[in-house]
Amino acid sequence: MREFIKSVNWTGALFLFLSPPIAVVLSTIYLQQHGFQWQIWALAVAFYMLTILSITAGYHRLFSHRTYQAKTWLRWFWALMGAASFQNSILIWAREHRVHHRFVDTDLDPYSINKGFWFAHFGWMLSSKMVPVNMAPYERDLLADPVVRLQDKYYVPIAILMGFGLPTLLGHFLGSALGGLAVAGVGRIVIVHHMTFFINSWCHWAGRQGYTDTNTARDSVFMALATFGEGYHNFHHLFAGDYRNGVRWYHFDPGKWAIRLFSWTGGAYNLRRTPWSQIIKAQMEMDEKKLKSRLSGCWQEQFQIQLDNLRSQVEQAQSRIEKLKDEYRQIARAYGQGVNELRYQVRLAKIEFRKAKEQWRAYKRFLLRSRSIA
C-alpha cells in the first residue's frame, strides 16, 4: 500500500479528477446567480482558442519539433497562454513528446496506446514513475532557450495567473468574476485537457492511415476540428518536421494558419515544409499496400508492373513541378526575366501531374472493381 501511494502522482491525479466536478459546481452557482451571459461564454471560447493554439502551434510545432523559428515575443505568447492550459511547462511537455515520437508504440513510449486507451488518454500522468529514458538528449536545446527556462522555473504562478487569474479579472469586467473563473477558467481547462489527451488516445486507436502504417497514429477529422489541426496525426507522425498537420488547403488546421499569419508579420520564420514528392510517394505506397491486402487472392505480376509505371509517372511529374517552382523563384528573385515562360511551364507540369495522378486512381478503382466482380 505504501509503495502504491508513493507511485501515484497525487498533484496531477487530484487536479485531473477534481477539476471537472469543481467546474460543474462553480458553473451551476454562476448560472443560478447571473443566468446566461453571452459575454462570459464568448470569453471562454476565446480562451479555448488561444490556449489550444498555444499547445498546437507553440508547445507542439515550435518547441517540440522546431518546425519553424519564432521571435522572442511570440515564444513568450505561446509560453504564457500554453501555461494557462495546465499541461505542464514547455520543457516537460516537449521532452516527453519527443520521447513519444522516438519510441512510439513501445514500452518506452510514455503514453503508448498498446497499454490501453485510457492509459494513453491520461492514465500515464497518474504515475510518478518516469519512463526509463535518458532525457538529456531530448531537452538540451530546450534548456538553451531562456523563455523555456524561465517558464519552467515559474510555471506554477504563471499557470495560476494566466489560467485562473486572467479569466476571473476579464469576467469581472464583463459582468461576472465567478463566471470568468468557472466557465473561461476551470471549465475551459477541463475541455482543453481532454481534447488534447484524445490525440494520444483516440488518434492512435481509430481513424485513417493514409500516409504510413508503421505506427498506430491515425487521422481524425473530428479531432482536427476539436484541436485546431492536431487530428491529422498519421501525417504528423511520418512528417513531424512539417509545420502543417493538415497538409491540404481544405484541411481544418488553424495551427498552420496561425503560424503562416505570424510569418507574414515577421513573428515566425524559416517555416519547414515536407516536399510534395515525399508526401505523394507515401500516399501511393499506402494505396499499394491496401490494394494488395484487398486483392491478396488474385494479385498478378501485371498489376504490379502497371502500378510501378503509373507511380513513376506521378513521381516524375511532381518532381518536375518542384524543380520548375525552384527555378521560377530563383529567376524572379535575380532578374525578373523569363518569369512568364516558367509560369507557363509550371502550369503545364501541374496538368501533367494531375493527369498522372488520375490515371493512378483510375487503375486503383479498376482493380478494386475487378475484384468485386470476380
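Above: the structure in question.
Residues numbered from 1 in each chain as written. Predicted model: local features only at pLDDT ≥ 70, side-chain atom pairs only at ≥ 80, totals over all residues. Heavy atoms only, no water.

Caption draft 1: Spotlight on the overall build of the protein chain. The helix and strand inventory of the protein chain stands at 16 helices and two strands. Buried residues in the protein chain amount to 48% of all 374 residues. A sequence separation of at least 24 residues applies to 71% of the contacts in the protein chain between residues at least 6 apart. Of note, the protein chain has its 45 positive side-chain charges centred 4 Å away from the centre of its 26 negative side-chain charges. (Helix = DSSP H or I, 4+ residues; strand = E, 2+ residues; numbered from the N terminus. Buried < 20%, exposed > 50% of the residue type's maximum accessible area, 1.4 Å probe, protein only. Contact = heavy atoms within 4.5 Å. Lys, Arg positive; Asp, Glu negative; His and termini not counted. Charge placed at Lys NZ, Arg CZ, Asp CG, Glu CD.)

Caption draft 2: Examining the environment of Ile29 more closely. Assignment of secondary structure puts Ile29 in helix H2 (residues 10-34). Counting along the chain gives 153 residues from Ile29 to Ala182, while the straight-line C-alpha distance between them is 9.0 Å.

Caption draft 3: Inspection of H2 at higher detail. In this model, H2 (25 residues) spans 35 Å end to end at C-alpha, consistent with the 36 Å of a helix rising 1.5 Å per residue. The sharpest bend along H2 measures roughly 35° and falls at Ser19, with the proline Pro20 sitting one to four residues further on. Where H2 is concerned, the buried positions are Gly12, Ala13, Leu16, Ser19, Ala23, Ser27 and Tyr30. Against the buried residues of H2 lie helix H3 (38-64) and helix H10 (177-200). In the stretch just after H2, Gly35 is the one whose phi turns positive, near 70°. (Expected span 1.5 Å × (residues − 1). Bend = angle between axes of the 7 residues up to and from the residue.)

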